[in-house]
Amino acid sequence: MPTGLATYIARRLLIVPVVLLIVSFVAFALGRLTPSDYVEIQAGPRAQPETIERIREQRGLNDPIPVQYVRYMGNFVTGDFGTSAQYRLPVDDVILPRLWVTLQINVTVIVLTWLIAIPIGTLAALKRSSFLDPLMIGIFVFFASVPVLVSTPILQWLLASEVSLLPSGGWAETEYFGVEMGLLSKKAILPIMLMTLPGVAGLARYMRTQVIEVMDMEFVRTAQAKGLRADVVVTRHVMRNALLPIVTLLGFEMSALFAGSIFVETLLGIPGIGQYTYEAVGTRDYDGIMAVVILGSSMFVMAMLVVDVAYGFIDPRIRLGEGLGG
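For clarity, every value in this text was computed on a predicted model and none was experimentally measured.

Peer 1: Can you help me understand the side chain of Q68 in this one?
Peer 2: With respect to the helices, strands and loops of the structure, Q68 is situated in helix α4 (residues 65–77). Overall, the relative accessible area of 5% leaves Q68 in the buried class.

Peer 1: Any chance you could explain the packing of helix α5 (residues 91–126) against helix α10 (residues 230–246) here in plain terms?
Peer 2: Two quantities define a packed helix pair, namely the angle between the helix axes and the distance between the axes. Two elements in contact, α5 and α10, have axes separated by 12 Å at closest approach and are oriented at 120°. Every pair of crossing elements has a handedness; the one defined by α5 and α10 is right-handed. Only V234, M239, L243 and I246 of α10 make contact with α5, whose side of the interface consists of W114, I118, T122 and L126. Here the residues of the contact of α5 with α10 sort into 7 nonpolar, 1 polar and no charged.

Peer 1: Is there a simple way to explain the nonpolar core in this structure?
Peer 2: Considering soluble globular proteins, one finds that nonpolar side chains tend to be buried as a cluster. I105, L190 and M207 are the most contacted members of the largest nonpolar core, which has 42 residues in total. At the level of elements, α5, α6 (132–145), α7 (148–162), α8 (189–215), α9 (218–225), α10 and α11 (249–268) are the ones that each hand at least two residues to this core. In terms of nonpolar packing, the next biggest core, distinct from the first, is built from 16 residues, F28, V91, I273 and A280 among them.

Peer 1: Just to check I follow, could you spell out the packing of α8 against α10 for this structure?
Peer 2: The N-to-C vectors of α8 and α10 enclose an angle of 130°; their axes lie 9 Å apart at closest approach. Compared by their axis directions, α8 and α10 come out oblique. Between α8 and α10 lies a crossing whose hand is right-handed. Counted together, L203, Y206, M207, Q210, V211, V214 and M215 of α8 and H237, V238, M239, N241, A242, L243, P245 and I246 of α10 form the full contact between these two elements.

What counts and what doesn't
Sequence order sets the numbering: in each chain, residues are counted from 1 along the sequence as written. Residue-level local features of this predicted model are given only where pLDDT is at least 70; pairs of side-chain atoms are given and counted only at 80 or more, and the full residue set underlies all totals for whole chains, interfaces and linings. Only hydrogens and water are removed before side-chain values are computed, so all heavy atoms of the structure are retained for them. What counts as a helix is a DSSP run of H or I of at least four residues, what counts as a strand is a run of E of at least two, and both are numbered from the N terminus. When accessible area is computed with a 1.4 Å probe and restricted to protein chains, residues below 20% of their type maximum are described as buried, those above 50% as exposed, and intermediate ones as partly exposed. Helix axes use the C-alpha atoms of the stretch in contact, all axes being lines fitted to C-alpha atoms, and the angles between their N-to-C directions lie in the range 0 to 180 degrees. It is the rotation of the near helix from the far one that decides the hand of a crossing: anticlockwise by less than a right angle makes it left-handed, clockwise makes it right-handed. Pairs of residues are marked as contacts when any of their non-hydrogen atoms sit within 4.5 Å. Only Asp, Glu, Lys and Arg are considered charged, only Ala, Val, Leu, Ile, Met, Phe, Trp, Tyr, Cys and Pro nonpolar, and every remaining residue, Gly among them, polar. We define the nonpolar core as a collection of buried residues of types Ala, Val, Leu, Ile, Met, Phe, Trp, Tyr and Cys that are connected through side-chain atoms lying within 4.5 Å of one another. Angles below 35 degrees are treated as roughly parallel, those above 145 as roughly antiparallel, those between 65 and 115 as roughly perpendicular, and all remaining angles as oblique.

Structure, rendered in structure tokens:
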């Protein structure tokens, strides 16, 4: 790895703890300052005031918010994420299996989205003067224009009830070489479809725009004038340069997928982190909410770091370290 790139990565890694501390403190403070008292909610309407006060004292909830935050983060970095008030279990025992389910779905969705959108966007740009351009993009724009809250019950009715092609929901895992996997089950097809099809439109349209822009550049015309085959010009010159700005969308796509997981997993009964987030917010399970916020923020920040590093691999001419004085 070049020294400049290594220095750049080190600098970005130093920023990660600062970002996570800010995000976690804001989330923690908002959770503690909400009008509703989650101890009263979880204790139930028949709980005596003395019981509620005793619980608050035992959990240190009467201490100042900064003191509570420092204590919570001290426990968090040692692997103690707190106790889920909803499940009466350690939070890590609840969310880690669910996180694995969501990761299986989201990683598959990202891979499929890119494998479909990049060729579609490139082909649409190459066929911009024909009917294929609006047809290909328009099909996926249609899927993107339908909210997931509408498309989910429609596909459940069509694919599960009418033609009995797919299960209507749920999640089934099978062990492969010691690892529980659910992607090979038919129950994984519907959620992956619901999250992949809407995401193709935006990426394909952006790829189309970038390809058209790159095709009008001087170095592409020079490559064509040298007699290079059309497929070589497209793959080696056009697509490589068009992909460079598109890579920045990867981090934002991951955050959008997490938001979409909340609806899809809840509607389809998939035991993922999205469904748990919805339940935790509804039951004021603040330890669970905090764990989801911190883990989600960590994944987003690391994804953006991966995006920055990918710049150097897509275009070797880029020297991130040099631009930062490394």
